[in-house]
Structures are given as structure tokens and as C-alpha cells.
Amino acid sequence: MCIRDRYSITKNFGERWSGFIQNVEFPLKWVFKGIVSRKEINAAEKEFEITKLDVIGKIKEGYYRALLRVKDLEYETGNVKLLKDFYEKAKLRYKMGEAPHIEVLKARVELAKAEGNQFVAKGELGLAYSNLNTLLNQPQDTPLKLTDQLVYREYKLNLSELKQFAEKNHPLVRSSLYNLESKKAGKSLAYTNFLPDGYIGLFRMYFGDSSEGRKWASQIGINFPVFSILKNFGEVKEAKSAVREAEAKLKDTKNQVFLAIEKAYKELIAAERQVKIYEGGILAQAEEMYRIANESYTEGQIGYIELLEAQRTLISTRKEYAFSLYNYQVALSELIKAVGGKLPE
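What counts, and where the lines are drawn
Residues numbered from 1 in each chain as written. Predicted model: local features only at pLDDT ≥ 70, side-chain atom pairs only at ≥ 80, totals over all residues. Heavy atoms only, no water. Helix = DSSP H or I, 4+ residues; strand = E, 2+ residues; numbered from the N terminus. Rg over C-alpha atoms; globule rule 2.2 N^0.38 Å. Buried < 20%, exposed > 50% of the residue type's maximum accessible area, 1.4 Å probe, protein only. Areas by Shrake-Rupley, 256 points an atom, 1.4 Å probe, with all protein chains shown as cover. Lys, Arg positive; Asp, Glu negative; His and termini not counted. Charge placed at Lys NZ, Arg CZ, Asp CG, Glu CD. Phe/Tyr/Trp six-rings, centres within 6.5 Å; stacked < 30°, edge-to-face > 60°. Axes fitted to C-alpha atoms, helices over the stretch in contact; angles between N-to-C directions. Parallel < 35°, antiparallel > 145°, perpendicular 65-115°, else oblique. Left-handed = near helix turned anticlockwise from the far one by under 90°. Nonpolar A, V, L, I, M, F, W, Y, C, P; charged D, E, K, R; others polar.

**Side note on the overall build of the protein chain**
Then comes step 1: Looking only at helices and strands, one finds seven helices and four strands in the protein chain.
Then comes step 2: Walking the protein chain from its N terminus toward its C terminus, one meets helices and strands in the order β-α-β-α-α-α-α-β-β-α-α.
Then comes step 3: Against the 2.2 N^0.38 benchmark of 20 Å for 345 residues, the protein chain shows a C-alpha radius of gyration of 39 Å, more extended than a compact globule.
Then comes step 4: Across its three principal axes, the protein chain shows a C-alpha extent of roughly 135 × 45 × 30 Å.
Then comes step 5: Split into buried and exposed, the 345 residues of the protein chain put 34% on the buried side.
Then comes step 6: In the structure as shown, the protein chain presents an accessible area of about 21400 Å², 55% of it carried by carbon and sulfur atoms.
Then comes step 7: Put simply, the protein chain has 54 plus and 46 minus side-chain charges, and the middle of one group is 7 Å from the middle of the other.

This is the structure:
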């Protein structure tokens, strides 16, 4: 809006006027400016969703790690309990003359090692809880009660379907798409600079000093962009370049999303295969081997070394199985994140 006062120019002729002129843009400019703004807002919202996905992924990993540490402590505590029992059995066998004193010493040493491992497991669980509290933005000493278990649940997934789903729904792809639509609207907006804008004016005119010489006047007109044509051509060229850049970014974004999905999918398949190996027989065999060794030791058929080896095999197999479940859950979480926050139904 422009306010004018012509008194200084026409005062010698007894005429003066003052008022305002308001420029009015061509209506299409309003339309395309609105589209640009909406698409930019949509792109920003999708970028915020990407941030949320990153935070959720970190929380899930921290949660599953805490579950793993709970399981590790459970196994180490069970191992201490078993070794205490073995230690008592070894002392009893020594008193009865069925075992040498060195067997009692070995049982005592192994018990001390197990208690040390139990202490380490408690510390690692405490660190896992502190890390999870930090991710949840609450004090590190906040009590946590984990009600879930590390379990295996099979999903029927297809790599091609995952990519198609992500192409339509992934926030990163949607953000790039909105950005492209914004740039296309910006190109159309640049073309509207060749269209004329209008203006309206309202003035108060004064003739002489009498009150009879005062009148209102209005003015309507059109401004043609004659002297800004070269500038407008430059803006159109710049807008076209921005569209090409946005198209390339969208294509690159899709490729990056597809690559992340393929990587996460392969890691999930590998983790799933590892879980099935343990559930398919290794875990059961380790438990059966320990059961037989324990009975044989009680009956005096094998020595403490053989029993200890069977026990170590059982504990390590259980911990490896728990770790495979942890890897599976983390890989599944990474795949969900790579697809865009949820799996296709």
C-alpha cells in the first residue's frame, strides 16, 4: 500500500490531494503461493515423522538390550545355583572317599568365577536400565519393570511388497515428493510473474481553501511487467532448475530407502535362520546332554570335568539363543523403520 500527498507539487496551483494505492496481485499468484506453503508444511511434517522413527528405533533397541541383560542375569544366577550344588556334592564325595580333594578345589574355583560373572551381569543390566531411562528422557535411576520376553514370531514378508509399500508410505519418500510438488508449484508461480497485477486507489482532493473544493476520488488500474521481463525469465529458469533438482532428490531418496529395506530384510532373514537353528535342536540337545551328565556324575560314572563341560555348554547355548532372539528383534525393528514405521498388512 502506497500513501501519497501531492501538496508539495501542486501547492502553487491551489490544488492538493492525498490518499493510498493498494497493489492487488493476479489471483493465480495467490493460488500457487498457497500450494507452495502447504507442500512445504507437509514436507516438514514428514521430516518430523522421520525424527520420531529414529527415536523409536533407539528406544526399541535399548528395550531389547535390557531384556537380553535380564536373561543373561537369569542364566548366570542359575549357573551360580548349580555350581553351589556341585560344590556341596564334591565335598560330600570327597568325605566319602569317592573324589579327590582337587575336585573340591575345582568346584570352588568355578563357583567363584560364576559369582564374578553374576556380578558383571548385574552391572550390565543396570547400565541397560540407565540407557533405557535416558532414551525415555527420565532420570537414570527410575525403576523399570520389563514385562515382555525375547521371543520369536514368524512374519511372512516379501521384499518386493515391502519396497512398494515404502514407496507410497515412507515419510522420507513422502517428504521428497511434497518437496517436488512445492517446486513445481513454485515454477508455475514464476510464470505468473508475466501476468499483470492490478491496483486500486482512494484519494481526497482539495481545490483552494474552501470546504466546497474537497472531493473524493478513486482509481483502478493494471500494471504490466514490461521492465521486469528479463528478471522474470531468470526466475522461471531458476524454478525449472529447482524442479529438476527435486526430481533427482526424490529418485535418490527412493533408491536409498530401497537399499535400506533390502539390507534390513537380509539381516532379518539371517537372524531368523539363527533362531531356528537353536530352536530346531541345538538348545534341546544341550539341555539333554547336561541332564545325562548330571545323572552320570551323581552315579559316579563321570568326573567333575565332564560335568562342568556339559554345564558350560548348556549355559553358553542358552545365552547364545537369547542373543539370537535379541538380534532378531533388533533386525525386525530396523526393517520396520526402513519400511517407514509399520509393516504392510
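Continuing now.
**Considerations on the packing of aromatic side chains**
Then comes step 1: Evaluated as defined, the whole model comprises six aromatic pairs.
Then comes step 2: Look at Tyr-152 and Tyr-328: their rings are 5.0 Å apart centre to centre, the planes differ by 65 degrees, and that puts the pair in the edge-to-face class. Here Tyr-328 lies in helix α7 (residues 304-339) and Tyr-152 lies in the loop between α3 (101-135) and α4 (159-169), a separation of 176 residues in the sequence. Across the pair, Tyr-328 and Tyr-152 agree in class, each one buried.

**Considerations on the packing of helix α2 (residues 27-95) against helix α5 (residues 171-191)**
Then comes step 1: The contact between α2 and α5 brings their axes to 8 Å, and the two run at 165 degrees. The angle between the axes of α2 and α5 places the two elements in the roughly antiparallel class. Seen from above, α2 lies across α5 with left-handed handedness.
Then comes step 2: Counted by class, the contact of α2 with α5 contains 11 nonpolar, six polar and nine charged residues.

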